[in-house]
Each structure stands twice: as structure tokens, then as C-alpha cells.
Amino acid sequence: MAELTALPPILNYAGVALFAATGAMAAAHRRHDVITFAFFAAITGLGGGTLRDLLLGAPVWWVKDPTSLTVAVATGIAVWLLGFREGAQRLLLWPDAIGLAAFAVIGADKAVSLGAAPGVAVTMGVLTAAAGGIIRDVTAGEPSILLQREIYVTAALVAAAGAVFLSPWLGRDAAAAAGFTLGLGLRLAAMVFRWSLPSYFGGLFGHERPGT
């Protein structure tokens, strides 16, 4: 797959490291050993892209280029050695937003390059960005991000959709940059202003209504 010039390749490694750090922090909450730290870092940093490649029938990218695996494992070991503070986890939310948007665009672009339909490509982008965190939460026995009302997966959806559906008008690189900017902007705005999507109220024909 030809590299996107609008998104520097370093964003891929940075995204792996950021997601891997959140995986290692899940291990820190239970005071696990260094091997468990590395394992949680790897499944979180690499899980989304691995699932994408398997579903697309493509070679798993970190098997061909083990740099990403090295980055993930090294991040887990670093968190184990240097320690973990709750404040660091909150600070990681900001660069994590960058990784989320970048992974969504990279995943969608890879799917398009392999001939996937636009809707499938968008789905692959969302999986690339969010599946690693979901795998981490399930493995750690933590509440999944899917069950929280934060605008997180939605931001990945916006980033991936922008990269895919704007490409015919803007070109591949400009669409990738636009999708990245839209997804990142939505995630950051949701964090600052505490935005969330409307909750379920029972449906139009249900017994519950807003405010009841």
C-alpha cells in the first residue's frame, strides 16, 4: 500500500505507543508483572489493526514490519519501569485523541487500497481505531468504551468517513487530512465541552419518554 503523504508515518507508531500505554495502565491498576504489562500494551496497540487485516484477508502489518510490535512492547515495559499515576492517564486523553483520528484514517485508507467498498472501508477505519481499546477492556474486565456515553467511536467514524467520502473531490491525501482534522476536532470538542450523544428513551412507540 502506498503511504499517505498527508499523514506522516510516525503517526502510526505514535498511535501504537499511545494505545499501548493505556493497555499497560490497565495492567498497572491490578499491579501485574512486566510480562502482563507488555501483553496488555501489545493487544491494545495492535489489536485494532490486526482485526482489520484479518477481516480484509491482508497480511497482518506488524508481522511484516515488527517495528510496531517493538514499540508496543517497549511502551508496556517502560510504563512498568517508570511507574503510573492517575494524572498521567488523564493527560493521555489528549494525545490519545490524535491516535484515534490517525488510526481511523489509516485503517480506512488501507481498506480502500485493498478494494473494499466505501462503507466497509469506513467500518475498517473505526475498527482500527477502537477495537484495541475494546479488547483491552474485555480482557481486563473493565467497562467497555462502547458502554460509556463519550463521543469516542463516533469521532473515529467521522474521521474514517471523511477520509473515504471526501477523496473523490479532494484527492486521497487532502481527504485524509480533512478526515483526520474532523475526527480529532470532534473528539477534542467532546472532551472540552463534555458532549455526548442522546441516550435511549424507549423509542417512538416505547413506554418511556424524555424526562420521565
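Residues numbered from 1 in each chain as written. Predicted model: local features only at pLDDT ≥ 70, side-chain atom pairs only at ≥ 80, totals over all residues. Heavy atoms only, no water.

Draft legend 1. Quick peek at the packing of helix α6 (residues 93-113) against helix α8 (residues 153-165). The geometry of α6 relative to α8 is characterised by a closest axis approach of 8 Å and an angle of 40° between their N-to-C directions. Between α6 and α8, the angle falls in the class oblique. Here α6 runs over α8; the crossing is right-handed. Every residue of α8 that contacts α6 at L100, A101, A104, V105, A108 and V112 is listed here: A155, A156, A159, A160, A163 and V164. (Axes fitted to C-alpha atoms, helices over the stretch in contact; angles between N-to-C directions. Helix = DSSP H or I, 4+ residues; strand = E, 2+ residues; numbered from the N terminus. Parallel < 35°, antiparallel > 145°, perpendicular 65-115°, else oblique. Left-handed = near helix turned anticlockwise from the far one by under 90°. Contact = heavy atoms within 4.5 Å.)

Draft legend 2. How the structure looks around the pattern of salt bridges. Enumeration over the complete set of coordinates arrives at 5 salt bridges. The salt bridge partner of K110 is D53, with a shortest N-O separation of 3.0 Å. Separated by 57 residues along the polypeptide, K110 in helix α6 and D53 in helix α2 (residues 34-56) bring together distant segments of the chain. For the pair K110 and D53, a shared accessibility class is recorded, and that class is buried. R136 is paired through a salt bridge with D137; the nearest N and O atoms lie 3.0 Å apart. Of the residues examined, D137 reaches a relative accessible area of 7% and is grouped as buried. Connected through shared salt-bridge partners, R52, D53 and K110 make up one network. (Salt bridge = Lys/Arg side-chain N within 4 Å of Asp/Glu carboxyl O. Buried < 20%, exposed > 50% of the residue type's maximum accessible area, 1.4 Å probe, protein only.)

Function-wise, these values are silent; they only describe arrangement.
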